[in-house]
Amino acid sequence: MDWKTILFFIIGATLLTLLSGWLMTANLLPIKTQIAYSEAELGFVKIWIQIAIVIGLLLPVIAFLV
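The shown structure was predicted, so the numbers you read here are calculated from the model rather than taken from an experiment.

Colleague: Help me understand the overall build of the protein in this model?
Modeller: Helix and strand content of the protein: 2 helices and 0 strands. Across its three principal axes, the protein shows a C-alpha extent of roughly 45 × 45 × 10 Å. Counting the 66 residues in the protein, one finds 0% classified as buried.

If you want it as structure tokens, here you go:
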């Protein structure tokens, strides 16, 4: 693999993401842009993200110190 392959992959993935987003906002793809969470699910997701952030910060710091 050379730099051209990587560059074309990044460009292709970016264009595919932009095209998908445009098709969803134009209601041409049957995909919801937002997920309708209940209050309990939303609370769980918020706590889960906070735990992931803490672990994502702590583990690298511990690894760096060790």
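Now, onward.
Colleague: Sorry, what's going on with the environment of proline 60 here?
Modeller: Along the chain, the position of proline 60 falls in helix α2 (residues 39-65). A C-alpha to C-alpha distance of 29 Å links proline 60 and alanine 13, two positions 47 residues apart in sequence.

Colleague: Would you explain helix α1 (residues 3-25) in this entry?
Modeller: Each turn of an α-helix holds 3.6 residues, which means side chains three or four residues apart point in the same direction. Taking 1.5 Å of rise per residue, the 23 residues of α1 would be expected to cover 33 Å, and the 33 Å separating its terminal C-alpha atoms lies within 8% of that figure. Note on α1: the residue one or two positions beyond its end, asparagine 27, has a positive phi of about 60°.

Colleague: Just checking my understanding: could you explain the packing of aromatic side chains for this structure?
Modeller: In this description, an aromatic ring pair is defined by two values, namely the gap between the centres and the angle between the planes. Summed over all chains, the structure comprises 1 aromatic pair. When the centroid spacing of 6.0 Å and the interplanar angle of 25° are considered together, the rings of phenylalanine 44 and tryptophan 48 count as stacked. One end of the pair, phenylalanine 44, and the other, tryptophan 48, are both in helix α2, 4 residues apart, so they sit about a helical turn from each other. When sorted by exposure, phenylalanine 44 lands in the same class as tryptophan 48, which is exposed.

Parameters at a glance
Residues numbered from 1 in each chain as written. Predicted model: local features only at pLDDT ≥ 70, side-chain atom pairs only at ≥ 80, totals over all residues. Heavy atoms only, no water. Helix = DSSP H or I, 4+ residues; strand = E, 2+ residues; numbered from the N terminus. Buried < 20%, exposed > 50% of the residue type's maximum accessible area, 1.4 Å probe, protein only. Expected span 1.5 Å × (residues − 1). Phe/Tyr/Trp six-rings, centres within 6.5 Å; stacked < 30°, edge-to-face > 60°.

Note that every value here comes from positions in space, so none of it alone points to a role or purpose.
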